[in-house]
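So you can see what is in the structure, the chains are spelled out below.
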Amino acid sequence: MPAHPIAIDDLPRAVRYQNGVLHILDQRRLPAEVVMEDCQGAEPVERAIRELRVRGAPAIGIAAAWGLVVEAEHAEAVDPAHLREHISGWAARLRSARPTAVNLAWAVDRMLARLKATGGDCGAVIATLRREAQSIEDEDRVICRAIGRHGLELLTPGCGVLTHCNAGSLAVSERGTALAPLYAAGEQGLPVRIFADETRPVLQGARLTAWELDQAGLDVTLICDNMAASLMAEGAIDLVIVGTDRVTANGDVVNKIGTLGVAILARHFGIPFYVACPSSTFDAATATGSEVEIEERDEREVTHIAGIPIAPEGVKVRNPAFDVTPAELVTGIITEHGIARAPLASNLRRLLAA
Ligand code: MRU
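Because the structure is a prediction, the values reported are computed rather than measured.

### With respect to the site of the ligand
At step 1: Taken together, 18 residues sit near the ligand, with Arg 55, Arg 98, Asp 245, Asn 255 and Lys 256 positioned nearest.
At step 2: Interatomic distance of 2.8 Å between a side-chain N/O atom of Arg 98 and an oxygen atom of the ligand.
At step 3: Gln 204 places a polar side-chain atom, nitrogen or oxygen, 2.9 Å from an oxygen atom of the ligand.
At step 4: Notes on the ligand: free accessible area 420 Å², of which the protein chains cover 100%.
At step 5: Residue composition of the shell around the ligand, by class: seven nonpolar, seven polar and four charged.
At step 6: In this structure, the shell around the ligand is formed jointly by two domains, domain 1 (15-143) and domain 2 (147-353), each of which donates at least three residues.

### Quick look at the packing of aromatic side chains
At step 1: A complete count under the given rule lists one aromatic pair for this structure.
At step 2: Summarising the aromatic geometry, the rings of Tyr 17 and Trp 66 are spaced 4.3 Å apart at their centres and angled 5° between planes, so their arrangement reads as stacked. With a gap of 49 residues between them, Tyr 17 in strand E1 (residues 15-18) and Trp 66 in helix H2 (residues 57-74) connect regions that are remote in the sequence.
At step 3: With a relative accessible area of 18%, Tyr 17 lands in the buried category.
At step 4: With a relative accessible area of 1%, Trp 66 lands in the buried category.
At step 5: Taking NZ or CZ as reference, Lys 256 lies 4.3 Å from the ring centre of Phe 322, over its face.

### Points about the layout of surface pockets
At step 1: The space that makes up the largest pocket amounts to roughly 360 Å³.
At step 2: In terms of lining residues, the largest pocket is bounded by 13 residues, among which Arg 28, Val 202, His 304, Ala 306 and Gly 307 are the most central.
At step 3: Taken together, the elements giving at least two residues each to the lining of the largest pocket come down to helix H10 (300-303) and strand E12 (304-305).
At step 4: Looking at the lining of the largest pocket residue by residue, the class counts come to five nonpolar, two polar and six charged.

### A short note on the state of the cysteines
At step 1: Evaluation of the coordinates by the stated rule reveals zero disulfides.
At step 2: In this structure Cys 165 is a free cysteine whose sulfur lies 14 Å from that of Cys 277, the closest cysteine sulfur available.
At step 3: According to the relative accessible area criterion, Cys 165 is buried, its value standing at 6%.
At step 4: Cysteine Cys 224 shares no disulfide, and the gap to the nearest cysteine sulfur, in Cys 165, comes to 16 Å.

### Overview of the packing of helix H3 (residues 80-95) against helix H4 (residues 102-117)
At step 1: The geometry of H3 relative to H4 is characterised by a closest axis approach of 9 Å and an angle of 170° between their N-to-C directions. Relative to H4, the element H3 is oriented roughly antiparallel. Facing H3, whose interface residues are Arg 84, Ile 87, Ser 88, Ala 91, Leu 94 and Arg 95, H4 presents Leu 104, Ala 105, Val 108, Asp 109, Leu 112 and Leu 115.
At step 2: By residue class, the composition of the contact of H3 with H4 is eight nonpolar, one polar and three charged.

### Here we look at the domain arrangement of the protein chain
At step 1: Split into domains, the protein chain comes out as domain 1 (15-143) and domain 2 (147-353).
At step 2: Averaged C-alpha coordinates put domain 1 and domain 2 at centres separated by 25 Å.
At step 3: Facing the 26 residues of domain 1 at the interface are 30 residues of domain 2.
At step 4: Roughly 2400 Å² is buried in total at the junction of domain 1 and domain 2, and carbon and sulfur atoms are behind 54% of that figure.

### Describing the environment of Glu 291
At step 1: Relative to the elements of secondary structure, Glu 291 occurs in the loop between strand E11 (282-283) and H10.
At step 2: Put simply, Glu 291 and Ala 321 are 30 residues apart on the chain and 15 Å apart in space, counted from C-alpha to C-alpha.

### What to know about the sheet that holds strand E3 (residues 36-39)
At step 1: As summarised here, the arrangement of the three strands in space is E1-E2-E3, forming an open sheet in which the pairing is antiparallel. Across the chains shown, the open sheet's two edge strands, defined by having one partner strand only, are E1 and E3. On average, each strand axis in the sheet is inclined to that of its neighbour by 25°, with strand direction left out of account.
At step 2: Taken strand by strand, H2 contacts E1, strand E2 (21-25) and E3, and its axis lies near 25° from that of E1.

### Examining helix H1 (residues 42-50)
At step 1: Among all positions of H1, only Ala 42, Pro 44, Val 45, Glu 46, Ala 48 and Ile 49 are buried.
At step 2: On its buried face, H1 sits against E2, E3, H2, H3 and H4.
At step 3: Positive backbone phi, approximately 65°, marks Leu 52, located one or two places after H1.

### Examining empty space enclosed by the protein
The rolling of a water-molecule-sized probe over the atoms marks out the regions of remaining empty space.
At step 1: Counted by the stated rule, this structure contains two cavities of 30 Å³ or more.
At step 2: Its boundaries defined by the atoms lining it, the largest cavity holds a volume of some 210 Å³.
At step 3: Considering the residues around the largest cavity, the lining is formed by 24 residues, among which Arg 55, Gly 56, Ala 57, Asn 166 and Asp 245 are closest to the centre.
At step 4: Breaking the lining of the largest cavity down by element, the ones donating at least two residues are H2 and strand E9 (253-256).
At step 5: Counting the residues that make up the lining of the largest cavity, at least three belong to each of domain 1 (15-143) and domain 2 (147-353).
At step 6: Looking at the second largest cavity, its volume works out to about 40 Å³.
At step 7: Lining the second largest cavity we find Leu 52, Pro 201, Val 202, Gln 204, Lys 256, Ile 257, Arg 297, Glu 301, Asn 319 and Ala 321.

Parameters and conventions
- Residues numbered from 1 in each chain as written.
- Predicted model: local features only at pLDDT ≥ 70, side-chain atom pairs only at ≥ 80, totals over all residues.
- Heavy atoms only, no water.
- Near = heavy atom within 4 Å.
- Polar contact = N/O pair within 3.5 Å; in protein donor to acceptor, adjacent residues only side chain to side chain.
- Areas by Shrake-Rupley, 256 points an atom, 1.4 Å probe, with all protein chains shown as cover.
- Nonpolar A, V, L, I, M, F, W, Y, C, P; charged D, E, K, R; others polar.
- Domains from an automatic or database assignment.
- Phe/Tyr/Trp six-rings, centres within 6.5 Å; stacked < 30°, edge-to-face > 60°.
- Helix = DSSP H or I, 4+ residues; strand = E, 2+ residues; numbered from the N terminus.
- Buried < 20%, exposed > 50% of the residue type's maximum accessible area, 1.4 Å probe, protein only.
- Lys NZ or Arg CZ within 6 Å of the ring centre and 35° of its normal.
- 1 Å grid on protein atoms, 1.4 Å probe; cavity = no way out; pocket = protein on both sides within 12 Å on 5 of 7 lines; lining within 4 Å.
- Points joined across faces, edges and corners; volume = space filled by probe spheres on them.
- Disulfide = S-S within 2.5 Å.
- Axes fitted to C-alpha atoms, helices over the stretch in contact; angles between N-to-C directions.
- Parallel < 35°, antiparallel > 145°, perpendicular 65-115°, else oblique.
- Contact = heavy atoms within 4.5 Å.
- Buried area = accessible area lost by both parts, 1.4 Å probe.
- Pairing = 2+ DSSP bridges.

The following block contains the structure:
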């Protein structure tokens, strides 16, 4: 733990917009360096999303929304019709930068709907886009705090909580989804032992989750992915909380590769398995997880660690970035409106409608 932990709300933001520039924290370089990349158009934002410089379902939605703003601000549009067409083109590109997290498409579609509904000159169009991006980010902040409050109910003094990947401050506007209850516990002085899976291949758990929790002075222990079963067997884990990139209509949970294995282990050991997410992560239009496009990423993520080869050259590789946890393995979904429990599909619908 650092000698002087920083306040939870002082953790570096994944994205920060200021005066025509979108500053993106380059998460590929964490924890070694805290470096912000300055974006003055949609192209570097699209690249940052593809290359995981900014990642995490809500954060890529927020980044894309601001990406459209900075593109509009710096475009040389001759009239509002031209600007609208230009921004619509970039919206399509940003929307497809990563296929699995539904929040990206959700945020871009929200920006497009606002764009279509706005009249006036170029200045008016830009101001409208700026207001909508700010709303998306501000709402996310409120939602993450609400998820933290609801999830806090699940924690007891001294309990052991396992998380996978990074669904923390770095994956959202602030505080996170899965980590929000843990930050809330920290603020209330409730002791919780947090275990972070390292999360191969690109180590979001080791590089990001362990880092941000440690910066904030929380009790975090890093484990390799293949240690989770052993810790569960010895009784160290009372609860699992993970984030998600998409929840389908039947309650299936699409999240970082390895989540399914953790859920199966939790069921075996009788440990509650919770998922935390904002309502924008629900995809009611997709019936089940098997219909979701799972992003396959570059094989170098598997064959190399920090640029160093760890496998024979030319070996066959698979690299699906996400997996699907069936609804029946999920104990509950923590949303900004409360916790939905089994039967998930109907209870989620009821919770979100209310
Ligand atoms: O590939 P990533 O790092 O964008 O994947 C992120 C995850 O799978 C997170 O667990 C999920 O997005 C929830 S983020 C609040």
